[in-house]
Amino acid sequence: MRHPLRMQLPAARVPAAFALALLAAIPARAQTPAANTAPAPAADRIKEVPSVTAVDPATIKPGQILFTDHRDKPTAPENGLIPYLDWQKVRPAEAAVLAPYPGYKEPDYTVTVNGVTKPRHETLKIYVAEGRFVVPRPPESIDSASYANLAFVQKMDPAIKHRAVSSAEVTPNKDPAAAFAKRPDRPWCEGAGACIESRYDLEGKLPLGVKLANKLEEGSAKKIAEYVSFQSELRVLGPDQDGPLRALTKIDTPVTGGLEQTIFWVNQILRFGKFLAVFQPMPNDPGKTVVTTYMALAIKGDVLDRKAEYARVPVLKNLLPAQVLMGNSSFNTGTSISAGLPVYARNRITTFADALTKR
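Residues numbered from 1 in each chain as written. Predicted model: local features only at pLDDT ≥ 70, side-chain atom pairs only at ≥ 80, totals over all residues. Heavy atoms only, no water.

Colleague: Could you give an account of the packing of aromatic side chains, with specific residues and numbers?
Modeller: The relative placement of two aromatic rings is captured by the distance of their centres and the angle of their planes. What the rule picks out here adds up to 13 aromatic pairs. Their ring planes at 40° and their centres at 5.1 Å tell us that tyrosine 109 and phenylalanine 180 sit as a pair that is tilted. Of this pair, tyrosine 109 sits in strand S4 (residues 108–113) while phenylalanine 180 sits in the loop between helix H5 (171–174) and strand S8 (194–201); the two residues are 71 residues apart in sequence, bridging distant segments of the chain. You'll find tyrosine 109 and phenylalanine 180 in the same group, each marked buried. The ring of phenylalanine 275 is capped by arginine 348, whose NZ or CZ atom sits 4.4 Å from the centre of that ring. (Phe/Tyr/Trp six-rings, centres within 6.5 Å; stacked < 30°, edge-to-face > 60°. Helix = DSSP H or I, 4+ residues; strand = E, 2+ residues; numbered from the N terminus. Buried < 20%, exposed > 50% of the residue type's maximum accessible area, 1.4 Å probe, protein only. Lys NZ or Arg CZ within 6 Å of the ring centre and 35° of its normal.)

Take a look at the structure:
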């Protein structure tokens with residue numbers, strides 16, 4: 001796996017920066033139909049709401065999923081993204097649980113350019129999708145541990161290939177240059193239900209963009225990959241997490257369990273991601289389970305700050321980083337990562353709901 005710091009390219013090399021922008025479509029999904037030919041979940045299945053916590057869960061219809069990704073203007077380039085520091089202030093309960101670990105801060109590290117080593121602070125922008133649905137059986141019938149394994153993750157999105165790795169193979173645990181991504185309290189994957197390395201090969205027209213950029217950068221040893229790779233740990237959450245999880249879901253019944261996949265290392269563009277599912281009894285109806293799900297993705301801020309560069313190059317005007325990320329480019333395709341974050345998020349949450357309901 002390439003170290004992301006070694007993927008830094010001079011700002012003047014617009015074609016390479018463009019290809020990196022294409023790679024920004026890492027774990028999550030949703031967008032305008034005109035920008036993507038992928039079939040979205042049925043309209044009556046996904047119910048868009050300003051806030052899932054503001055809706056009485058008793059009113060959720062069978063098979064229905066409440067969904068929000070905080071986008072009131074879906075066609076606006078960065079609508080739905082929030083700076084990490086603002087996220088902590090505006091939605092503190094969400095940031096406390098969906099950050100990679102308690103006390104997480106934006107990365108500080110050193111980078112060498114033309115032989116000169118300089119300190120760098122990296123700003124992040126956060127995309128969060130939230131879903132809620134009801135399983136028509138009691139929480140004690142849901143075995144969270146049965147989902148915390150490689151086999152289950154492989155079923156969530158066939159386009160993404162996964163393999164099990166050991167804690168010793170995890171990049172932040174072994175590479176001194178990746179020290180900024182280490183957990184301060186324990187090694188990544190220690191005691192996890194599964195430790196996973198994943199790879200997604202870009203689909204549709206996106207690989208052509210990468211090939212073009214690499215051709216224009218001919219002579220450079222720093223080729224851009226036509227895939228996204230990431231490492232994550234999968235863990236079961238128990239009742240001991242009741243306080244912060246109940247503060248997040250705003251449902252006043254005990255948290256009986258949950259599932260958490262934390263993406264802590266990505267080969268480029270992202271810094272972290274998280275999928276979280278929380279199980280609680282339905283208020284006044286313990287025979288049903290309310291499931292609240294989240295997908296969070298931290299995007300490196302400098303990826304989104306190259307608007308002027310792309311605007312000057314005609315072929316790049318429909319491939320602004322924010323457009324590709326948010327699924328508003330004609331280059332978005334499919335139902336996986338290449339579809340853009342909003343489509344991917346909807347599909348991941350819907351697939352999880354189906355798997356949970358069928359068991």
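Here the narrative resumes, following the displayed structure.
Colleague: Explain the environment of leucine 206 residue by residue, including any values.
Modeller: Note on placement: leucine 206 falls in helix H6 (residues 206–216). The spacing of leucine 206 and tyrosine 227 is 21 residues in sequence and 9.8 Å in space, taken between C-alpha atoms.

Colleague: Would you mind going over the state of the cysteines in detail, with residue names and values included?
Modeller: A complete count under the given rule lists one disulfide for this structure. Cysteine 189 shares a disulfide with cysteine 195; S-S distance 2.1 Å. What sets the handedness of the cysteine 189 and cysteine 195 disulfide is the S-S torsion sign, and at about 75° it is right-handed. With respect to class, cysteine 189 is no different from cysteine 195; both count as buried. (Disulfide = S-S within 2.5 Å.)

Colleague: A description of helix H11 (residues 341–358) should follow, citing residues and the corresponding values.
Modeller: Its 18 residues give H11 an end-to-end C-alpha distance of 26 Å, which sits within 8% of 26 Å, the value for a rise of 1.5 Å per residue. Across the 18 residues that make up H11, a large majority, 14, are buried. (Expected span 1.5 Å × (residues − 1).)

Colleague: Quick rundown of empty space enclosed by the protein? Include the residues and the values.
Modeller: One simple way to see leftover space: roll a probe sized like a water molecule over the atoms. As enumerated under the stated definition, the model contains four cavities of 30 Å³ or more in all. Considered as a void within the structure, the largest cavity measures approximately 130 Å³ in volume. Lining of the largest cavity is provided by 16 residues; of these, Phe230, Gln261, Ile263, Tyr344 and Arg348 occupy positions nearest its centre. Elements with a contribution of two residues or more to the lining of the largest cavity: helix H4 (150–156), strand S7 (160–164), strand S10 (257–266), strand S11 (270–282), strand S12 (285–300) and H11. At three residues, the largest contribution of residues to the lining of the largest cavity is made by S11. Looking at side-chain class alone, the lining of the largest cavity contains ten nonpolar, three polar and three charged residues. What lines the second largest cavity is a set of 14 residues, and nearest its centre among them are Tyr104, Ala181, Phe264, Arg271 and Phe272. Within the residue set of the lining of the second largest cavity, elements represented by two or more residues are S10 and S11. For the lining of the second largest cavity, the element with the highest residue contribution is S10, accounting for four residues. (1 Å grid on protein atoms, 1.4 Å probe; cavity = no way out; pocket = protein on both sides within 12 Å on 5 of 7 lines; lining within 4 Å. Points joined across faces, edges and corners; volume = space filled by probe spheres on them. Nonpolar A, V, L, I, M, F, W, Y, C, P; charged D, E, K, R; others polar.)

Remember, this is a structural readout, not a statement about activity or role.
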